[in-house]
Amino acid sequence: AQSVTQLGSHVSVSEGALVLLRCNYSSSVPPYLFWYVQYPNQGLQLLLKYTTGATLVKGINGFEAEFKKSETSFHLTKPSAHMSDAAEYFCAVSGSGGYNKLIFGAGTRLAVHP
Amino acid sequence: DVKVTQSSRYLVKRTGEKVFLECVQDMDHENMFWYRQDPGLGLRLIYFSYDVKMKEKGDIPEGYSVSREKKERFSLILESASTNQTSMYLCASSPTGMGTDTQYFGPGTRLTVL
């Protein structure tokens, strides 16, 4: 069965500091991996996704993630945090059962301090 | 831009009431999904639909049913609401059932069952 583990339910950084949100997955088939962001009182929106090809994926708002098969990881990074990055971030893997079902991690809430 | 709308942002119901949550997408997407979001648990799939009148159970279908009579509309029904169904409900749609597809989310309905 597929699963996603996000390490750290809460992460706090200073404005301008590196953001690193960790995601490890388990999958018996080549995975498709996603990062979604949820701003307060909103639905989720896609930050970036890995399907095939280049393992370093760039997304919106300066975020990027690297697919590392050997480590079964897909960590999300941003070189310099903005106050506007404060949100909840979800890592997800596309399920092996077809129909584009997503399996989500528990989420990481990012706080950015001045 | 894809738009997914949900009928209510906030809803308060009594135990035992029948509750309808409505979701509409405007991009002719094939697949639609209902998730519930609870702190520390991420998003869990309740039901999804891959075509009109077609539906499949997700990971937590107990206590819920769904209806898809038109392609753009996907309804979640709580036959007899209970307090443990107090949660945030998110609807999503995707163009096809391919695992690489992005899912597009509505803003969510926060349901409280008293």
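Residues numbered from 1 in each chain as written. Chains lettered and ligands numbered in written order. Predicted model: local features only at pLDDT ≥ 70, side-chain atom pairs only at ≥ 80, totals over all residues. Heavy atoms only, no water.

Novice: With reference to specific residues and values, describe the side chain of Gln6 of chain B.
Specialist: All names here are of chain B. Position of Gln6 among the secondary structure elements: in strand S1 (residues 4-6). Among the residues examined, Gln6 registers a relative accessible area of 9% and is labelled buried. A polar contact is formed between the side chain of Gln6 and the backbone nitrogen of Gly108, at a distance of 3.0 Å. (Helix = DSSP H or I, 4+ residues; strand = E, 2+ residues; numbered from the N terminus. Buried < 20%, exposed > 50% of the residue type's maximum accessible area, 1.4 Å probe, protein only. Polar contact = N/O pair within 3.5 Å; in protein donor to acceptor, adjacent residues only side chain to side chain.)

Novice: Help me get a handle on the state of the cysteines, residues and values and all.
Specialist: Note on terminology: a disulfide is the covalent bond linking the sulfur atoms of two cysteines. One pass over the structure, following the stated rule, counts 2 disulfides over all chains. A sulfur-sulfur distance of 2.0 Å marks the disulfide that ties Cys23 of chain A to Cys91 of chain A. In this structure the cystine formed by Cys23 of chain A and Cys91 of chain A twists about its S-S bond by roughly -65 degrees; its chirality is therefore left-handed. Placement of the pair is Cys23 of chain A in strand S3 (residues 19-26) and Cys91 of chain A in strand S9 (residues 87-94), with a sequence separation of 68 residues. Taken as a pair, Cys23 of chain A and Cys91 of chain A share a single burial class, namely buried. Between the sulfur atoms of Cys23 of chain B and its disulfide mate Cys91 of chain B the distance is 1.9 Å. Residues Cys23 of chain B and Cys91 of chain B are joined by a disulfide whose S-S torsion is about -75 degrees; by sign, that bridge is left-handed. Note that Cys23 of chain B is positioned in strand S3 (residues 19-25) and Cys91 of chain B in strand S9 (residues 87-94), a separation of 68 residues in sequence. The class for Cys23 of chain B is buried, based on a relative accessible area of 0%. (Disulfide = S-S within 2.5 Å.)

Function cannot be inferred from these measures alone, as they are strictly geometric.
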